[in-house]
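Remarks on the overall topology
Next come the chains, spelled out residue by residue.
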Amino acid sequence: MSKLLPIILSLSFIMMTTVCRAQSPQDLVEGAVNYWRDNSSKAEADMVIHRPDWERKLSIITLTEGNERSLVRFTAPAKDAGSATLSIGDETWSFAPKINRVIKIPASMKAQSWMGSDFSYRDLTKSDDIIDQYIHKLVSEKENDGHRIFIIESTPKEFAPVVWGKEVLEIRDDKIILKHEFYDQSGKLIKVLEAKKITEMDGKLYPKVMRITKVEEKDEWTEIVHNSIKFNIEISDTEFTLSSLSNPR
Amino acid sequence: MPIILKLAFRNIWRNPKRSLITIGAISIGVWSAVTLSSIARGLSYGMADDAINNLVGHVQIHAPKYLDDPAAEFNFNISSSIVRDRLSSLKVRAVAERVRVPAVLLSERESVGVNLVGIDPQTEKSLSFIGDGVSEGLELMDQKDPGIIIGKRLKEILKTKLGNRVVLVTQDSNNSIVDRGFRIVGVFDAKLESTEKAFVFVGREVAQSFLNLEDGISEISLKLEDAEMVDAAIATLKMEFPEMEIDSWYVLEPLVIALRKVQDGFLIIWFFIVIVSVSFGVVNTQLMSTFERMREFGVMMALGLKPKRLLSMVTVESLMLLVIGLSMGNLMGAMNFFILSDGIDLSTFAAASEQLGFGKIVIPRFIARDWIQCSVLLVVIGLISTLYPAWKGSRYDPVTSISGRGV
Amino acid sequence: MILPQLGWRNIWRNPKRTILTVGAIGFSIMVLEFFFSLQLKTYDAAISASVGILHGHIQIQGEGYNDNPEIRNVITSANNLKAQIRELSSIEGLSMRGVGFGLVSSETRSYGVQILGVEPESEGEVSNIPGLIKDGVYLDNNQYLGAVIGSVLAKNLKIGTGQPLTLMSQGLDGSLVATVLTVIGIFESGSTEIDRSTVEISYRDFDELFEMNGGAHAIVVRSKDADTAQELLTPISQIILSQQREEKLAVLDWQKLLPGLKQSIDLDMSAGWLFYTSLIVIVSFSILNTFLMSVLERGHEFGVILSLGLKPKFMAGLLFLEALFLILIGILIGNLFGALIVEYFGSVGFSAPGAEEVLKKWNLPSRIFPEVSLKSFFWPSFTVGVSAIFSTLYPMFKVLRLDPLKALKGEV
């Protein structure tokens, strides 16, 4: 027995490290996305849209469930307060309180900017595409601030509905996505989504500020600043319906 | 050969210089009229061909609501073989089944609204411009080919290139949003940039599965061997498929027919003008020639030749000049028709011909009717105008004519 | 100077030939003048028809707006500018517009469209749309949130007058524009493109919805015709400069607003010249024919004169004068009849046979009213005259080389 124990221990040790090591790039990405989205979330945030000659700040409340459903409600400024955008799968609806109407966003408008930001309506519904529609490769690792950071190159699969040539993610060992870069099919960098100010929110480390920047334009970006966020909350199914969209409780 | 013809012919050549110049004037008139009209016809008939080849075909079949709102939900299930079968009495060149819906095409930097067309590449070869192939890359192999073919101008607007992936976003038969990546396997060059921007092509079965259509299609387009049988085809099809929307190309592209009608009117007027202008010279010639032969006519009439006969002789002379000039003019016209048969390059006016719907090359078109009209007009007007000198000649008084003291 | 009198008498020695020659020249000039006037008027009509739908002859916009229509590229406090421009003579219409892009929806469908905020009282001065309402009425300032939409859009949205139309867009400050409009009119402009993608609301509503602060995206100007518009460009630019505005404005003529149209016209013009040149060549040949034959015929006469001692160059000079008289008379007659025929059709109107109903269906001008103009009358007279003169060169050359003896015998 005493002879077996070290063997078993060393075997399990080897297995553990192997298991740890054996986290595939795909798993890393999936883990990071799930960490970010969690099962559900409710957040209060500000969205800042910045251009060379102007800037606009909108306040929002966001509800998400899984990777398929999300509801964003605007609370400020007054002119936009009460507007909401609901996404289920690939479909998106918009509600404008002034007219008390829900409008489904047609395919022709999906590539247009959402509320004037650097996100398109399409971007709102594509959060988990990154996992399944790509082939992931771990290209390198680096050390920073006591953390190990995995640099993963994700290449879209042949028929994936993705315009990018490749995307590069910097995922920290605690599953936080530090940077998400979007490259065109010739290898030029087009967009960068960066996590800034990682602080503890609702019991876990989370990027308080996320900024998406257009690399080819000067001084154009959109930033989301989370003021508060709660994870894993109970959200009833009725929240993600068209009637709820037009009748907030 | 009757004496009158022999005589007339010899008379013409008594003054070769004069006759040649007159014949020359007539030929140039005829030649210019024929050439210009063939160029003008080339333009308008070319427009018609372009419209037909630009996916319209001779006849199109759709579901009733489709033309107002070309969505995937307005699909139908008629196969091309059934259509061919129903039209078996007419010679059908090709029948194509297509899926056609509006979509948005996305690249890394741009998004453009387009018409997504799902085709059977083999059938389209005898039907529309896409059958002519691609200028870059490869054609679609068959209706299952997973690639996409886009126009050259669209490629430039999207800032993408052959071999890249683009994303199509549209609504399927249930009006749900669907999207998919397609690799650009070929780039086509069309006569008009607007065509290059408007259409993107994928395999029909690929489109059907992408849009959740099963066996449904959006349109049937067909081409007949004989363009004149279009109305007959429409009548037959309307009887066989009363619930479908069936249209001919001229209903779908009315402006082309309008232009042709305007041209018909204009060309006749132009022929008339040219011929009248030419006639001034011919009448002059004939007047001179009768005046010169005053004495001779006097002698002939003194010898018993009836004035009517004289009239006929001079008239036949005119007719000969006209016919020879006409033939030469037509010959010259035919010659340069062959020389220009590859088409005239309009690229200096590229943007304009784009706007008006012509291609960049105009191929002159010989329309028999125009040619016949021109020739007939020439002979008729030519004869009428030379009637005066001929008549004058027949009224010479033999006595005064012989003395040479004029009319 | 006996030559001119001699020349004049000579041409009347053979009246028939003179008449025929003069006739040929006159006829061709008349024809060319008629067609040319018709052509120029047709272009004018085509330009007016095209710019008349929506674009106008001239537009004043923020610099760069035409290539890249950004909602923030605005003309501020336009009223002063409008008033000053209106003062210019030959301005036939002026109106201001705000332009936005957004989504309109009916019960069942949504479409991306262009939204125009127009001034109902003056929009009719620059656009035909107010007059092309086929169902309902046009906008007026007594109504709030009324909308006028194109017929194709109405069909696609499956919407009719009196029904609600939801509008969603983005304002100047980026805020959400959301409102329910009522369709009060449906128009058919003749352009499928415009009918499919245009919604017009009153400028007052547009200003409020899009937070424009009284700014506009375009000031649209209509003038009598394309040529007048060209003349207006400088005065308008000067007015703008005199205002010393902060923002940079651009003055665009119809050629920049509708670039394909200008080139279509150029293309048609060249095609026209092809036809005209052919006619001129034909006529020149006819004239050459005539002059040559007259030389051939008068061989005996020339022989006598030459042997009497007159130098060949005088002979040639005489001939030239005769030709000149004929040409001048021809030009005179041609212009006279040309003017008559143009005036006639100018009042009655001309339409290509068979084309009338078709063009009407497309809202294109079906009757053209040609006008006598310097351009359309000078060029035909000039070119025919010049080529006729060229036609006399060969006969004159022949005369210069005349051998008196041969000529006396009648051999030329």
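Residues numbered from 1 in each chain as written. Chains lettered and ligands numbered in written order. Predicted model: local features only at pLDDT ≥ 70, side-chain atom pairs only at ≥ 80, totals over all residues.

With that settled, the discussion passes to the overall build of chain A. When its secondary structure is counted, chain A shows five helices and 13 strands. Structurally, chain A occupies a C-alpha span of about 80 × 45 × 35 Å along its principal axes. A buried classification covers 29% of the 249 residues belonging to chain A. Long-range contacts, defined as pairs at least 24 residues apart, comprise 41% of the intrachain contacts of chain A with a sequence gap of at least 6. (Helix = DSSP H or I, 4+ residues; strand = E, 2+ residues; numbered from the N terminus. Buried ≥ 20, exposed ≤ 12 C-beta atoms within 10 Å, placed from the backbone. Contact = placed C-beta atoms within 7 Å.)

Quick look at the overall build of chain C now. In terms of regular secondary structure, chain C is built from 16 helices and 10 strands. Against the 2.2 N^0.38 benchmark of 22 Å for 412 residues, chain C shows a C-alpha radius of gyration of 31 Å, more extended than a compact globule. Taking the principal axes of the C-alpha coordinates as reference, chain C spans close to 100 × 50 × 30 Å. Within the span of chain C, comprising 412 residues, buried residues form 46% of the whole. Pairs at least 24 residues apart make up 80% of the contacts formed inside chain C by residues separated by at least 6 positions. (Rg over C-alpha atoms; globule rule 2.2 N^0.38 Å.)

Further remarks concern the interface of chain B and chain A. On the side of chain A, 16 residues touch chain B, which itself brings 20 residues to the contact. When residues of the side of chain B that touches chain A are traced back to their parent elements, those giving at least two are strand 2 (92–106), strand 3 (111–119), strand 6 (165–171) and strand 7 (177–188) of chain B. No other element matches strand 6 of chain B, which puts six residues into the side of chain B that touches chain A. A breakdown of the residues in the side of chain B that touches chain A according to their chemical character gives eight nonpolar, eight polar and four charged. (Nonpolar A, V, L, I, M, F, W, Y, C, P; charged D, E, K, R; others polar.)

Right, let's talk about the domain arrangement of chain C for a bit. Under the domain assignment used here, chain C contains domain 1 (3–50 + 262–409) and domain 2 (64–247). Its C-alpha centre places domain 1 of chain C at a distance of 51 Å from the equivalent point of domain 2 of chain C. (Domains from an automatic or database assignment.)

All names here are of chain C. Taking 1.5 Å of rise per residue, the 18 residues of helix 8 (residues 226–243) would be expected to cover 26 Å, and the 26 Å separating its terminal C-alpha atoms lies within 8% of that figure. Of all the bends in helix 8, the greatest reaches close to 30 degrees and is centred on Leu232; the proline Pro235 follows between one and four positions later. Residues of helix 8 that are buried: Ala226, Ala229, Leu232 and Ile236. Contacts made by the buried residues of helix 8 are with helix 2 (15–55), strand 1 (58–62), helix 3 (78–87), strand 9 (218–223), strand 10 (249–253) and helix 9 (254–257). (Expected span 1.5 Å × (residues − 1). Bend = angle between axes of the 7 residues up to and from the residue.)

On to the packing of helix 2 of chain C against helix 14 (residues 374–391) of chain C, then. Residue and element names in this part refer to chain C. Two elements in contact, helix 2 and helix 14, have axes whose closest approach is 8 Å; the angle formed by their N-to-C orientations is 145 degrees. Relative to helix 14, the crossing made by helix 2 is right-handed. In this structure, helix 2 contributes Ile25, Ser28, Ile29, Leu32, Glu33, Phe36, Ser37 and Leu40 to the contact, and helix 14 contributes Lys375, Ser376, Phe377, Trp379, Pro380, Ser381, Val384 and Ala388. For the contact of helix 2 with helix 14, the per-class residue count stands at 10 nonpolar, four polar and two charged. (Axes fitted to C-alpha atoms, helices over the stretch in contact; angles between N-to-C directions. Left-handed = near helix turned anticlockwise from the far one by under 90°.)

Now for the packing of helix 10 (residues 254–292) of chain B against helix 2 of chain C. In the contact formed by helix 10 of chain B and helix 2 of chain C, the axes pass within 10 Å of each other and the chain directions differ by 170 degrees. By the criterion of interaxial angle, the relationship of helix 10 of chain B to helix 2 of chain C is roughly antiparallel. The segment helix 10 of chain B lies against helix 2 of chain C, with Ile273(B), Val276(B), Ser277(B), Phe280(B), Gly281(B), Val283(B), Asn284(B) and Leu287(B) engaging Lys16(C), Arg17(C), Leu20(C), Gly23(C), Ala24(C), Phe27(C), Ser28(C) and Val31(C). Partitioning the contact of helix 10 of chain B with helix 2 of chain C into residue classes produces nine nonpolar, five polar and two charged. (Parallel < 35°, antiparallel > 145°, perpendicular 65-115°, else oblique.)

Residue and element names in this part refer to chain B. The topology assignment puts Leu222 in strand 9 (residues 219–224). Overall, Leu222 belongs to the buried group, with 24 C-beta atoms counted inside 10 Å. Once the C-alpha coordinates of Leu222 and Phe182 are considered, the two residues, 40 residues apart in sequence, prove to be 28 Å apart. When sequence neighbours within four positions are dropped, the list of residues in contact with Leu222 reads Gly57, His58, Val59, Val83, Val92, Ala94 and Val95.

Grouped together as the largest cluster of nonpolar side chains are 174 residues, with contacts concentrated most on Ile26(B), Val274(B), Ile25(C), Ala147(C), Ile219(C) and Leu279(C). With 19 residues, helix 2 of chain C is the largest single contributor of residues to this core. Excluding anything up to four places from it in sequence, Ile25(C) contacts Val283(C), Ile287(C), Ile327(C), Gly330(C), Ile331(C), Gly334(C), Val384(C) and Ala388(C). Counting residues in each nonpolar core, the second largest holds 68 residues, with Ala72(B), Val92(B), Val95(B) and Ala190(B) among its members. (Core = buried A, V, L, I, M, F, W, Y, C linked by C-beta atoms within 7 Å.)

Residue and element names in this part refer to chain C. For strand 2 (residues 91–105), a buried count of 11 out of 15 residues is recorded, marking the element as mostly surrounded by other parts of the structure. Where strand 2 and strand 9 come together, six bridges link them in antiparallel fashion. The residue bridging Arg97 from the neighbouring strand is Ala218, located in strand 9. Pairing geometry for strand 2 and strand 3 (residues 110–118), over nine bridges, is antiparallel. The residue bridging Phe101 from the neighbouring strand is Gln114, located in strand 3. What sits between the antiparallel neighbours strand 2 and strand 3 is a turn of four residues. (Pairing = 2+ DSSP bridges.)

On a regular strand, one side chain projects to one face of the sheet and the next to the other, so that they alternate. Residue and element names in this part refer to chain B. Burial along strand 5 (residues 148–151) is two-sided: Ile148 and Ile150 and Ile149 and Gly151, pointing in opposite directions, are all buried. Two elements, strand 5 and strand 7, share four bridges in a ladder whose sense is parallel. Counterpart to Ile150 in the pairing with strand 7 is Val187. Here strand 5 pairs with strand 8 (residues 199–203) via two bridges, running antiparallel. The residue of strand 8 that forms the bridge with Ile150 is Val200.

Here we come to unusual backbone geometry. The omega torsion across Ala76(A) and Pro77(A) is 0 degrees, close enough to zero to call that bond cis. Positive phi values are uncommon outside glycine, yet Asp38(A) reaches one of about 55 degrees. Along the chain, Asp38(A) turns up in the loop between helix 2 (25–37) and strand 1 (40–51). Residue classification places Asp38(A) among the partly exposed positions, given that 19 C-beta atoms sit within 10 Å. Even without being a glycine, Glu214(B) presents a positive backbone phi close to 55 degrees. Within the secondary structure layout, Glu214(B) lies in the loop between helix 7 (204–210) and strand 9. Judged by local crowding, Glu214(B) falls into the exposed class, with 10 C-beta atoms found within 10 Å.

A word on helix 2 (residues 16–56) of chain B. Three- or four-residue spacings in an α-helix give side chains the same orientation, since the helix completes a turn every 3.6 residues. All names here are of chain B. Taking 1.5 Å as the rise per residue, helix 2 with 41 residues should run 60 Å; its terminal C-alpha atoms sit 56 Å apart, in good agreement. With 32 of 41 residues buried, helix 2 lies mostly within the body of the structure. Following helix 2 by one or two positions, Gly57 has its phi on the positive side, about 70 degrees.

Turning to the environment of Phe187(C), a few remarks are in order. Residues and elements named next belong to chain C. On the secondary structure map, Phe187 appears in strand 7 (residues 176–187). Judged by C-beta crowding, with 27 C-beta atoms within 10 Å, Phe187 ranks as buried. Once the C-alpha coordinates of Phe187 and Pro312 are considered, the two residues, 125 residues apart in sequence, prove to be 76 Å apart. Ignoring any residue separated from it by four or fewer positions in sequence, one finds Phe187 in contact with Ile129, Leu132, Ile133, Lys134, Val148, Gly150 and Ser151.

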